[in-house]
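# Coordinate analysis (summary)
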Amino acid sequence: SNTVYYPVFLSKETCRDFLSAMGRAAFIIIEGDLKGALESLDAHPMLKEFGLVIEPNSNSPIEIGPEIRTK
């Protein structure tokens, strides 16, 4: 599909491992909850069409499509 997913992690460690594996030497980790992550996508016009993928490098990543949002 053409859907773009923004990665979300359950721990700082898995976030750090994912970004380090991508070659990112420096990054900021923002903590929050699922509702906040979904709301942050809607807060930025360029991210409104993005979905979320929770733990993208795990054996069971969870995809939340861009049509799913909180109210």
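See the structure above.
Below, the structure is looked at part by part.

Calculation rules
- Residues numbered from 1 in each chain as written.
- Predicted model: local features only at pLDDT ≥ 70, side-chain atom pairs only at ≥ 80, totals over all residues.
- Heavy atoms only, no water.
- Helix = DSSP H or I, 4+ residues; strand = E, 2+ residues; numbered from the N terminus.
- Phe/Tyr/Trp six-rings, centres within 6.5 Å; stacked < 30°, edge-to-face > 60°.
- Buried < 20%, exposed > 50% of the residue type's maximum accessible area, 1.4 Å probe, protein only.
- Polar contact = N/O pair within 3.5 Å; in protein donor to acceptor, adjacent residues only side chain to side chain.
- Core = buried A, V, L, I, M, F, W, Y, C linked by side-chain atoms within 4.5 Å.
- Contact = heavy atoms within 4.5 Å.

Backbone geometry follows two general trends: most residues other than glycine have a negative phi, and most peptide bonds adopt the trans configuration. Phi is positive for Glu55, close to 50°, though the residue is something other than glycine. Within the element layout of this structure, Glu55 appears in the loop between strand 2 (51-54) and strand 3 (62-64).

As a further point, take the environment of Arg16. Topologically, Arg16 is positioned in helix 1 (residues 12-21). Between the C-alpha atom of Arg16 and that of Asn57, which follows or precedes it by 41 residues, the distance is 12 Å.

For the structure on display, the rule yields one aromatic pair. Pairing Phe9 with Phe18 gives two aromatic rings, centres 5.1 Å apart and planes at 50°, and the pair type is tilted. Taken as a pair, Phe9 and Phe18 share a single burial class, namely buried.

Take the environment of Ser58 next. Locating Ser58 in the fold gives a position in the loop between strand 2 and strand 3. Given a relative accessible area of 31%, Ser58 falls into the partly exposed group. A polar atom in the side chain of Ser58 sits 2.9 Å from the backbone oxygen of Glu55. Reaching out from Ser58, the side chain makes a polar contact with the backbone nitrogen of Ser60 at a distance of 3.2 Å.

Next up on the list: the nonpolar core. In this structure, Val8, Ala37, Leu38, Leu41, Leu52, Ile54 and Ile64 together form the largest nonpolar core, which totals seven residues. When contributions to this core are tallied by element, the ones reaching two or more residues are helix 2 (34-43) and strand 2. It is helix 2 that provides the largest number of residues to this core, a total of three residues. Those residues in contact with Leu52, other than ones at most four positions away along the chain, are Tyr5, Tyr6, Val8, Leu34, Ala37, Leu38, Leu41, Ile62, Glu63 and Ile64.

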